Amino acid sequence: PVAYHPPTERRTAASFVNCMPFMGSCWTLLQQAQSLGLAVRVYGIAGPDGIIKPYARLIELAAGVGWGWHDKAQGDGFGHVLHTWAAVGRPLIGHGSHYAGKMGGRFWRDGETCIDLDRHSVAEAVEIVRSLPPERHEEMCQAIRAEFAAIDYDGDAETIKALLS
């Protein structure tokens, strides 16, 4: 398991979504946050900050920032990057609706584990990041980390195994 450490840059965010510059409105919203002064690094395929290898380095970078910018309209709703954010204990910024009814939906509780862009404008999200007291941010970090720790991966594997038998 990944050890939890408080972030070193609480008022910054990063994205590890591959091809983020080609994500249409999701990319536009990230750029809007940057234009409003939120430091958001963008890693991954086609990301201006490059591809991060090995995976241990990605975990270090994720653990250093205060927020995971994870706005991805398509996907299966699981995602290793989404679960990495939860494992290192970083609250998310993005649209919870992209994960509604999917495995990753458990990480999208506005004001507890994320800033849900379905409920806040980008300007509001940036202001929340800027003004959130450190103690409240730490509570959000701990809440998403606890949600990750509550997942029964072994039980899920057994359920899948039984379904495939």
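Details of the structure are given in the entry above.
For the structure given in this document, a descriptive report is provided here.

Criteria and thresholds
- Residues numbered from 1 in each chain as written.
- Predicted model: local features only at pLDDT ≥ 70, side-chain atom pairs only at ≥ 80, totals over all residues.
- Heavy atoms only, no water.
- Axes fitted to C-alpha atoms, helices over the stretch in contact; angles between N-to-C directions.
- Helix = DSSP H or I, 4+ residues; strand = E, 2+ residues; numbered from the N terminus.
- Left-handed = near helix turned anticlockwise from the far one by under 90°.
- Contact = heavy atoms within 4.5 Å.
- Disulfide = S-S within 2.5 Å.
- Buried < 20%, exposed > 50% of the residue type's maximum accessible area, 1.4 Å probe, protein only.
- 1 Å grid on protein atoms, 1.4 Å probe; cavity = no way out; pocket = protein on both sides within 12 Å on 5 of 7 lines; lining within 4 Å.
- Points joined across faces, edges and corners; volume = space filled by probe spheres on them.
- Nonpolar A, V, L, I, M, F, W, Y, C, P; charged D, E, K, R; others polar.
- Core = buried A, V, L, I, M, F, W, Y, C linked by side-chain atoms within 4.5 Å.
- Patch = residues over 30% accessible without salt bridge, like charges linked within 9 Å, V, L, I, M, F, W, Y side chains within 5 Å.
- Areas by Shrake-Rupley, 256 points an atom, 1.4 Å probe, with all protein chains shown as cover.
- Salt bridge = Lys/Arg side-chain N within 4 Å of Asp/Glu carboxyl O.
- Lys, Arg positive; Asp, Glu negative; His and termini not counted.
- Charge placed at Lys NZ, Arg CZ, Asp CG, Glu CD.

Overview of the packing of helix α3 (residues 80-88) against helix α5 (residues 134-149)
Where α3 meets α5, the axes come as close as 6 Å, and the angle between the chain directions of the two elements is 115 degrees. For the pair α3 and α5, the crossing hand works out as left-handed. On α5, the residues touching His-83, Ala-86, Ala-87 and Val-88 of α3 are Ile-144, Arg-145 and Phe-148.

A look at the state of the cysteines
Counted according to the given criterion, the structure contains zero disulfides. The thiol of Cys-141 is not disulfide-bonded; the next cysteine sulfur, from Cys-114, is found 13 Å away. The class for Cys-141 is buried, based on a relative accessible area of 0%.

Focus on the layout of surface pockets
Where empty space is left can be seen by rolling a probe of water-molecule size over the atoms. Roughly 190 Å³ of volume is contained in the largest pocket. Forming the boundary of the largest pocket are 16 residues, of which His-70, Lys-72, Gly-79, His-80 and Val-81 lie nearest the centre. Split into classes, the residues belonging to the lining of the largest pocket amount to seven nonpolar, seven polar and two charged.

Details of the nonpolar core
Formed by 22 residues in total, the largest nonpolar core has its most connected members in Met-20, Leu-30, Leu-38, Val-40, Trp-67, Trp-69 and Ile-93. For this core, the secondary structure elements donating two or more residues are α1 (25-35), β2 (39-42), β3 (65-69) and α4 (122-131). In contact with Leu-38, not counting residues within four places along its chain, are Arg-11, Ala-33, Trp-69, Ile-93, Val-126, Val-129 and Arg-130. One finds Val-65, Ala-86, Val-88 and Ile-144 within the second-largest nonpolar core, a separate group that totals 21 residues.

A few points about a negative patch on the surface
Where like charges cluster on the molecular surface, the negative patch consists of Asp-152, Asp-154, Asp-156 and Glu-158. Among the structural elements, Asp-156 can be located in helix α6 (residues 153-164). Judged by relative accessible area, which is 33%, Asp-156 ranks as partly exposed.

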